[in-house]
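Descriptive structure summary
Spelled out from the first residue to the last, the chains are:
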Amino acid sequence: MNIEATKEIETDASLQAAEIVAQNDLFRKALIDPNAAIEMHSKGIQGQVFVTPGVSGEGPEFQAAALAAVSTDTHFAEGNDPYGDHTFGAVTVRDQKLFWKIDLYDADYKYGSDRPFDPAVTRRVLTIMCPSEY
């Protein structure tokens, strides 16, 4: 990000939301797309992925299908994306509904990020879960 763009995003919530959306979507896409993973790393976007016991208990093939479904999810509406930042979604894998959630933390994964649009100080945690585990 150049200096002018950095100054502009500091004061514009809609630009911040758009940057968070782009980063979150790239982070999810990188789950199964090696080219997206390269792009994500080149932009300094970092994070971790967790599956809950309900998802992991379904086995590795189910987990792979869940990652694929989350990575390609494009169903965003005010009901599941009230902030317009693509941090939550619902997918169906083998007739089982799953939720996914991205939380934006500081670089130490201790607190929420003060600058969630800035990959230099933000780390993502994507959790894939059964609705009963939400």
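Rules used in this analysis
Residues numbered from 1 in each chain as written. Predicted model: local features only at pLDDT ≥ 70, side-chain atom pairs only at ≥ 80, totals over all residues. Heavy atoms only, no water. Core = buried A, V, L, I, M, F, W, Y, C linked by side-chain atoms within 4.5 Å. Buried < 20%, exposed > 50% of the residue type's maximum accessible area, 1.4 Å probe, protein only. Helix = DSSP H or I, 4+ residues; strand = E, 2+ residues; numbered from the N terminus. Contact = heavy atoms within 4.5 Å. Expected span 1.5 Å × (residues − 1). Pairing = 2+ DSSP bridges. Axes fitted to C-alpha atoms, helices over the stretch in contact; angles between N-to-C directions. Parallel < 35°, antiparallel > 145°, perpendicular 65-115°, else oblique. Left-handed = near helix turned anticlockwise from the far one by under 90°. Nonpolar A, V, L, I, M, F, W, Y, C, P; charged D, E, K, R; others polar.

Moving on: the nonpolar core. The biggest cluster of nonpolar side chains holds 24 residues, and the ones touching the most others in it are V91, V93, L98, W100, L126 and I128. Those elements that provide at least two residues to this core are helix 2 (13-29), helix 3 (34-42), helix 5 (60-71), strand 2 (88-93), strand 3 (96-105) and strand 4 (123-129). Ignoring sequence-local partners within four residues, the contact set of L98 consists of V55, F62, A66, G89, A90, V91, V93, I128, M129, C130 and P131.

On to helix 2. Three- or four-residue spacings in an α-helix give side chains the same orientation, since the helix completes a turn every 3.6 residues. Across its 17 residues, helix 2 extends 24 Å between first and last C-alpha, which sits within 8% of the 24 Å expected from 1.5 Å per residue. All of the buried residues in helix 2 are Q16, I20, V21, Q23, N24, L26, F27 and R28.

In this section: the sheet that holds strand 3. An order of 1-4-3-2 is seen for the 4 strands of this open sheet, with the pairing classed as mixed. Single-partner strands in this sheet number two, and they are strand 1 (46-51) and strand 2. Direction aside, neighbouring strands of the sheet carry axes that sit 20° apart on average. Where strand 3 and strand 4 come together, 7 bridges link them in antiparallel fashion. Bridge pairing in strand 4 links I102 to L126. Against the sheet, helix 2 touches strand 1, strand 3 and strand 4, its axis set at about 125° to strand 3. Packing of helix 5 onto the sheet brings it into contact with strand 1, strand 2, strand 3 and strand 4, and relative to strand 2 it is tilted by some 135°.

On to the pairing of strand 2, then. The sheet contact formed by strand 2 and strand 3 spans 6 bridges and is antiparallel. Along strand 3, the bridge assignment pairs A90 with F99. If you look at the hairpin formed by strand 2 and strand 3, you'll find 2 residues sitting between the two strands, and R94 has a positive phi there, around 50°.

Glancing now at the packing of helix 2 against helix 3. The geometry of helix 2 relative to helix 3 is characterised by a closest axis approach of 8 Å and an angle of 135° between their N-to-C directions. Between helix 2 and helix 3, the interaxial angle falls into the category oblique. Both helix 2 and helix 3 take part in a crossing whose hand is left-handed. For the pair helix 2 and helix 3, contact is made by L26, F27 and K29 and by A36, E39 and M40, respectively. Along the lines of polarity and charge, the residues of the contact of helix 2 with helix 3 split into 4 nonpolar, no polar and 2 charged.

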